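Chains, contacts and geometry: an overview
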Amino acid sequence: MKTLVGSMCILTIFMHLVPDGRFAKYVRFYAGLVFFLLAVNPILEFLGDGDQLEQLLELEFLKEEYYDLETAAEGLSDLKNEQILTVYQEELKRQVSEIAAAYGLTVASTELFFDEDGYSIESVSMTVERISAKDAAAA
């Protein structure tokens, strides 16, 4: 009973804090749902089905999170525009140059050639500076 009364007070305060508008109906719905679940939970625990309700709710929340992630992934796939593609290609070019530098090469220029989608490298063209025999012996 204490939990129900405390929850009712918190939910009432929260509902008064939310301004009337397009989100008010959603807040009222979810507040009512939370209150209903709080009221039903002791009855189900008494009957021995409390764990099943908890598992069912957890499963539903996971499904909703999965749907949100799936929707976000679809949104991200729609963001394949030229600016993102250009930044991606420049970063790959920088990384290829760093790999060559790690092998002791002095890179003058690097050019990457991509396939049709622009995300897979087809070939790499790299110009390295010539190192004299004297500089090579010193290195």
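Report on the accompanying structure.

Definitions and limits used
- Residues numbered from 1 in each chain as written.
- Predicted model: local features only at pLDDT ≥ 70, side-chain atom pairs only at ≥ 80, totals over all residues.
- Heavy atoms only, no water.
- Helix = DSSP H or I, 4+ residues; strand = E, 2+ residues; numbered from the N terminus.
- Buried < 20%, exposed > 50% of the residue type's maximum accessible area, 1.4 Å probe, protein only.
- Contact = heavy atoms within 4.5 Å.
- Areas by Shrake-Rupley, 256 points an atom, 1.4 Å probe, with all protein chains shown as cover.
- Expected span 1.5 Å × (residues − 1).
- Bend = angle between axes of the 7 residues up to and from the residue.
- Polar contact = N/O pair within 3.5 Å; in protein donor to acceptor, adjacent residues only side chain to side chain.
- Arc of directions from axis to C-beta.
- Phe/Tyr/Trp six-rings, centres within 6.5 Å; stacked < 30°, edge-to-face > 60°.
- Patch = residues over 30% accessible without salt bridge, like charges linked within 9 Å, V, L, I, M, F, W, Y side chains within 5 Å.
- Salt bridge = Lys/Arg side-chain N within 4 Å of Asp/Glu carboxyl O.
- Pairing = 2+ DSSP bridges.

Some points on the overall build of the protein
Tallying secondary structure elements over the protein gives 5 helices and 2 strands in all. Counting from the amino terminus, the protein carries its helices and strands in the arrangement α-α-α-α-β-β-α. Counting only residues that meet the buried cut, the protein has 13% of its 139 residues in that class. Long-range contacts, defined here as pairs at least 24 residues apart, represent 28% of the contacts in the protein between residues at least 6 apart. As displayed, the protein has an accessible area near 11,700 Å², and 61% of this comes from carbon and sulfur atoms.

Quick notes on helix α2 (residues 24-47)
Here α2 is 24 residues long and its end C-alpha atoms lie 35 Å apart, about the 34 Å a rise of 1.5 Å per residue gives. Approximately 30° is the largest bend angle found in α2, and it occurs at Asn41, with the proline Pro42 only one to four residues beyond.

Here's the deal with the side chain of Thr110
Here Thr110 shows up in strand β1 (residues 107-114). Within the structure, Thr110 has its side chain in polar contact with the side chain of Ser97 (distance 2.9 Å). Ignoring anything within four residues of it in the chain, the contact list for Thr110 reads Lys93, Val96, Ser97, Val124, Ser125 and Met126.

A word on helix α4 (residues 82-102)
For α4, with 21 residues, the first-to-last C-alpha span of 30 Å sits near the 30 Å given by 1.5 Å per residue. Those residues of α4 that fall on the buried side of the exposure criterion are Leu85, Leu92, Val96 and Ala100. Mapping the buried residues of α4 onto a view down its axis gives an arc of 75°, with all of them on the same face. Facing away from the buried side of α4 by over 90 degrees, the exposed positions are Gln83, Val87 and Ala102. Next to the buried residues of α4 lie β1 and β2 (121-128). Gly104, located one to two residues past α4, shows a positive phi value of around 90°.

Comments concerning the packing of aromatic side chains
The full count for this structure, using the stated rule, is 1 aromatic pair. Residues Tyr88 and Tyr119 carry aromatic rings whose centres are separated by 5.1 Å and whose planes lie at 45° to one another, so their mutual orientation is tilted. Here Tyr119 lies in the loop between β1 and β2 and Tyr88 lies in helix α4, a separation of 31 residues in the sequence. With relative accessibility at 32%, the residue Tyr88 sits in the partly exposed group.

Things to note about a nonpolar patch on the surface
On the surface, a cluster of nonpolar side chains totalling about 680 Å² of accessible area is made up of Phe23, Tyr26, Phe29, Tyr30, Leu33 and Phe36. Tracing the backbone shows Leu33 in helix α2.

Focus: the pattern of salt bridges
The full count for this structure, using the stated rule, is 3 salt bridges. Bridged by salt links that share partners, the residues Glu91, Arg94 and Glu98 form one connected network.

Description of the pairing of β1
Direction of pairing for β1 relative to β2: antiparallel, over a ladder of 7 bridges. Each residue of the ladder has a partner; that of Glu111, found in β2, is Ser125. Where β1 hands over to β2, the hairpin turn is made up of 6 residues, of which Gly118 adopts a positive phi near 85°.

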